[in-house]
Amino acid sequence: MAGTKGLLMLENFIGGKFLPCDSYLDSYDPSTGEVYCKVPDSGKKEIEAAVEAAREAFPIWSSWSPEERAQVLNRLADLLEQSLEELAQAESKDQGKTLMLARTMDIPRAVQNFRFFASCILHHTTECTQMDHLGCLHYTVRTPVGIAGLISPWNLPLYLLTWKIAPAIAAGNTVIAKPSELTSVTAWMLCKFLDKAGVPPGVVNVVFGTGPRVGEALVSHPEVPLISFTGSQPTAERITQLSAPHCKKLSLELGGKNPAIIFEDANLEECIPTTIRSSFANQGEICLCTSRIFVQRSIYSEFLKRFVEATRKWKVGIPSDPSASMGALISKAHLEKVRSYVKKARAEGAQILCGEGVDTLDLPPRNQAGYFMLPTVITDIKDESCCMKEEIFGPVTCVVPFDSEEEVIKRANNVTYGLAATVWSSDVARVHRVAKKLQSGLVWTNCWLIRELNLPFGGMKSSGVGREGAKDSHDFFTEIKTITVKH
Ligand SMILES: NC(=O)C1=CN([C@@H]2O[C@H](COP(=O)(O)OP(=O)(O)OC[C@H]3O[C@@H](n4cnc5c(N)ncnc54)[C@H](O)[C@@H]3O)[C@@H](O)[C@H]2O)C=CC1
Ligand SMILES: N/C(=C\C=C\C(=O)O)C(=O)O
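Owing to the predicted nature of the structure, the values given are computational and were not obtained by experimental measurement.

Peer 1: So, the site of ligand 2: which residues are in play, and what are the values?
Peer 2: Within the structure, ligand 2 sits among Arg-109, Asn-155, Leu-156, Tyr-159, Leu-160, Thr-230, Glu-253, Ile-286, Cys-287, Leu-288, Arg-451 and Phe-457. Within the side chain of Arg-109, one N or O atom sits 2.8 Å away from an oxygen atom of ligand 2. Between Tyr-159 and ligand 2, the recorded distance is 2.6 Å, taken from a side-chain N or O atom to an oxygen atom. When grouped by side-chain class, the residues that make up the shell around ligand 2 number 7 nonpolar, 2 polar and 3 charged.

Okay, here's the thing in structure tokens:
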């Protein structure tokens, strides 16, 4: 929809209707740095309206059978799939990621999220125990929680939003979703498919705007008993504070400072390309991305040489360029933040082997003001450096040597985060041993980001609270009740 100035104008989606807002935020195309879209700057008023719609829709939606809800989710998946190309184009323009990645990862996964939870909801069982000597039967029932507040980030916009919406509505909740104000377009496009898929008005409400304004209004609302959040640790802290007076159920999926541990018996033919991908996929803007690479000393020089060579081939280009591996970062502020880490590393005496400040970007004139940065490899850096401790969330990775298994486990665990690790070795016993000792919610050995949606996903330590996945999401989006019957 073109607005008065030729900009894309988004509207909130409340109670099955698109509604304009009193004020709007600028949204930028990261590949040019130009404003191309206006996003509603919603606040308390819009949250009140969304709560009212979600409250009204809840009794009917929660009374539908799992089969009926599953049918709706599957129809929604089909509609998204039919519009895959249009959604991929929009995601790439809004986020800066390559069109190829949006086409092959983001949108297919959004489709899969709906299909997956449509299937899951048909297969949950509850528990039953008996106390014959007392003539008692005990069993549990699960019921939807009510209105779920869903807050998602800008790095994998539709992918992560649907990872929350699908299990929440499959379980019979109604939802108020608040996508990132930086990447709102595909969430708005999703709303256009809801009615056609058979989602009743008020079941899915999407309210756009900033975290401090509309996000906090949602989190603080007393009629929203549950918040599922993916994003940064400081925001999670704020959400926890605001939720505390209401004792809300919280699922917090936060950042990482993910290690890759590469032993001397690793298959480097597979390890190097995968570690390039785990460091730089989606511009390094995935919470699962590798940012500390520990390499056993006997192969350190060879690894480093080959890794830097391969990094230089990881092409930065405009998002529509089919030969580009990486597009633009999300925003000017984020680009500056990521660059500042490289600057700090240099000031500490670390070596920048390729990328930022070493090589030059080659971009068309129209994209010179876009938020592009070359993939950057840092070495000769201390474990105590902020580049080895803090989440950079960009195309920057550090490579350091290690000597023993015991030492590397200690160093890998020596950060506040605990989300994802990769371990590379052909010694199966070692792989199991190391995986068990790592303080990490996810460990990929000899691979990265192969997702099994059935199993728990999430982090330990500062990387989050709770897990998402088939059973975990169902547990989170339902309340359990134990019933005892004396017969
Ligand atoms: N899954 C992850 O691990 C992610 C981590 N990050 C990390 O966070 C850093 C900052 O990125 P941001 O976009 O600022 O993340 P953020 O945590 O501020 O944003 C995530 C979502 O939370 C909302 N939000 C922000 N403040 C809020 C508040 N007070 N109450 C309720 N909702 C609020 C935002 O509008 C957005 O929808 C990144 O550089 C990266 O390090 C960012 C996105 C995803
Ligand atoms: N939560 C994030 C990634 C999740 C990936 C997945 O579920 O496959 C993130 O980058 O924030």
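Peer 1: Help me get a handle on the pairing of strand β8 (residues 147-151), residues and values and all.
Peer 2: Along β8, 5 of the 5 residues are buried, which leaves the element largely enclosed by surrounding structure. Burial along β8 is two-sided: the face carrying Ile-147, Gly-149 and Ile-151 and the face carrying Ala-148 and Leu-150 are both buried. Summarising the sheet, β8 and strand β9 (residues 174-178) pair through 5 bridges and their orientation is parallel. Considered in β9, the bridge of Ala-148 is made with Val-175.

Peer 1: Just give me the short version of the packing of helix α5 (residues 157-170) against helix α6 (residues 185-197), but keep the residues and values in it.
Peer 2: One way to put it is that α5 packs onto α6 with a least axis distance of 8 Å and a crossing angle of 50 degrees. One finds that α5 runs oblique with respect to α6. Judged by the sense of rotation from one axis to the other, the crossing of α5 with α6 is right-handed. Residues Pro-157, Leu-158, Leu-161 and Ile-165 of α5 form the contact with α6, whose own contacting residues are Thr-186, Ala-187 and Leu-190. Residue classes in the contact of α5 with α6 are distributed as 6 nonpolar, 1 polar and no charged.

Peer 1: Account for the site of ligand 1, with residues named and values stated.
Peer 2: As a matter of local geometry, ligand 1 sits amid 25 residues, with Ser-152, Trp-154, Lys-178, Glu-181 and Ser-232 nearest to it. Measuring from an oxygen atom of ligand 1, one finds a side-chain N or O atom of Lys-178 at 2.6 Å. Glu-391 has a polar side-chain atom sitting 2.8 Å from an oxygen atom of ligand 1. Protein contacts shield 88% of the accessible area of ligand 1, which totals 810 Å² for the unbound molecule. Where the shell around ligand 1 is concerned, the elements lending two or more residues are α7 (211-220), β11 (226-230), α8 (233-243) and α11 (332-347). Counting residues per element, the shell around ligand 1 draws most heavily on α7, which supplies 3 residues. For the shell around ligand 1, the per-class residue count stands at 8 nonpolar, 11 polar and 6 charged.

Peer 1: Let's hear about the nonpolar core: which residues, and what values?
Peer 2: Phe-114, Ile-165, Val-185 and Val-204 are the most contacted members of the largest nonpolar core, which totals 63 residues. Here this core takes 10 residues from helix α4 (residues 99-120), the largest share from any one element. Those residues within four positions of Val-185 in sequence are excluded, and the remaining contacts are Leu-8, Leu-10, Tyr-36, Cys-37, Ala-90 and Asp-94.

Peer 1: Hey, could you go over the packing of aromatic side chains for me, with residue numbers and the actual values?
Peer 2: Summed over all chains, the structure comprises 9 aromatic pairs. On the basis of an interplanar angle of 80 degrees and a centroid distance of 5.0 Å, the ring pair of Phe-116 and Phe-117 is categorised as edge-to-face. With relative accessibility at 15%, the residue Phe-116 sits in the buried group. According to the relative accessible area criterion, Phe-117 is buried, its value standing at 3%. Measuring from centroid to centroid gives 5.2 Å for Phe-303 and Phe-307, while their planes differ by 15 degrees, and the two rings are stacked. Pair noted here: Phe-303 and Phe-307 are both in helix α10 (residues 297-312), with a separation of 4 residues, about one helical turn. Accessibility classification places Phe-303 together with Phe-307 in one group, the buried group. Members of the aromatic cluster, joined through ring pairs, are Phe-116, Phe-117 and Trp-163. Its guanidinium or amino end placed over the ring of Tyr-36, Lys-93 lies 4.9 Å from that ring's centre, counting from NZ or CZ. Above the face of the Tyr-341 ring, Lys-344 is positioned so that its terminal group lies 4.8 Å from the ring centre.

Peer 1: How would you sum up the state of the cysteines? Please name residues and give values.
Peer 2: Within the structure shown, the criterion is met by 0 disulfides. Unpaired in terms of disulfides, Cys-21 finds its nearest cysteine sulfur in Cys-37, a separation of 13 Å. Looking at Cys-271, it has no disulfide partner, and the nearest cysteine sulfur is the one in Cys-447, 11 Å off. According to the relative accessible area criterion, Cys-271 is buried, its value standing at 0%.

Peer 1: Let's hear about α10: which residues, and what values?
Peer 2: Because the α-helix completes a turn every 3.6 residues, residues three or four places apart line up on one side. An ideal rise of 1.5 Å per residue puts 22 Å on 16 residues; α10 measures up with 23 Å between its terminal C-alpha atoms. The sharpest bend along α10 measures roughly 30 degrees and falls at Phe-303. Residues of α10 that are buried include every one of Ile-299, Tyr-300, Phe-303, Leu-304, Phe-307, Val-308 and Thr-311, and no others.

Peer 1: Explain the sheet that holds strand β23 (residues 478-486) residue by residue, including any values.
Peer 2: Strands belonging to one sheet form pairs held by backbone hydrogen bonds; the direction of such a pair is parallel or antiparallel. Pairing in this open sheet of 3 strands is antiparallel, and the strands run β6-β7-β23 from one edge to the other. The sheet terminates laterally at β6 (128-131) and β23, the two strands that pair on one side only. Looking at each pair of strands side by side, their axes are set apart by 25 degrees on average, direction ignored. Where strand β7 (residues 136-144) lies against β23, 9 bridges are found, and the strand directions are antiparallel. In the sheet register, His-138 faces β23, and the bridge partner there is Thr-484.

Procedures and definitions
Residues numbered from 1 in each chain as written. Chains lettered and ligands numbered in written order. Predicted model: local features only at pLDDT ≥ 70, side-chain atom pairs only at ≥ 80, totals over all residues. Heavy atoms only, no water. Near = heavy atom within 4 Å. Polar contact = N/O pair within 3.5 Å; in protein donor to acceptor, adjacent residues only side chain to side chain. Nonpolar A, V, L, I, M, F, W, Y, C, P; charged D, E, K, R; others polar. Buried < 20%, exposed > 50% of the residue type's maximum accessible area, 1.4 Å probe, protein only. Helix = DSSP H or I, 4+ residues; strand = E, 2+ residues; numbered from the N terminus. Pairing = 2+ DSSP bridges. Axes fitted to C-alpha atoms, helices over the stretch in contact; angles between N-to-C directions. Parallel < 35°, antiparallel > 145°, perpendicular 65-115°, else oblique. Left-handed = near helix turned anticlockwise from the far one by under 90°. Contact = heavy atoms within 4.5 Å. Areas by Shrake-Rupley, 256 points an atom, 1.4 Å probe, with all protein chains shown as cover. Core = buried A, V, L, I, M, F, W, Y, C linked by side-chain atoms within 4.5 Å. Phe/Tyr/Trp six-rings, centres within 6.5 Å; stacked < 30°, edge-to-face > 60°. Lys NZ or Arg CZ within 6 Å of the ring centre and 35° of its normal. Disulfide = S-S within 2.5 Å. Expected span 1.5 Å × (residues − 1). Bend = angle between axes of the 7 residues up to and from the residue.

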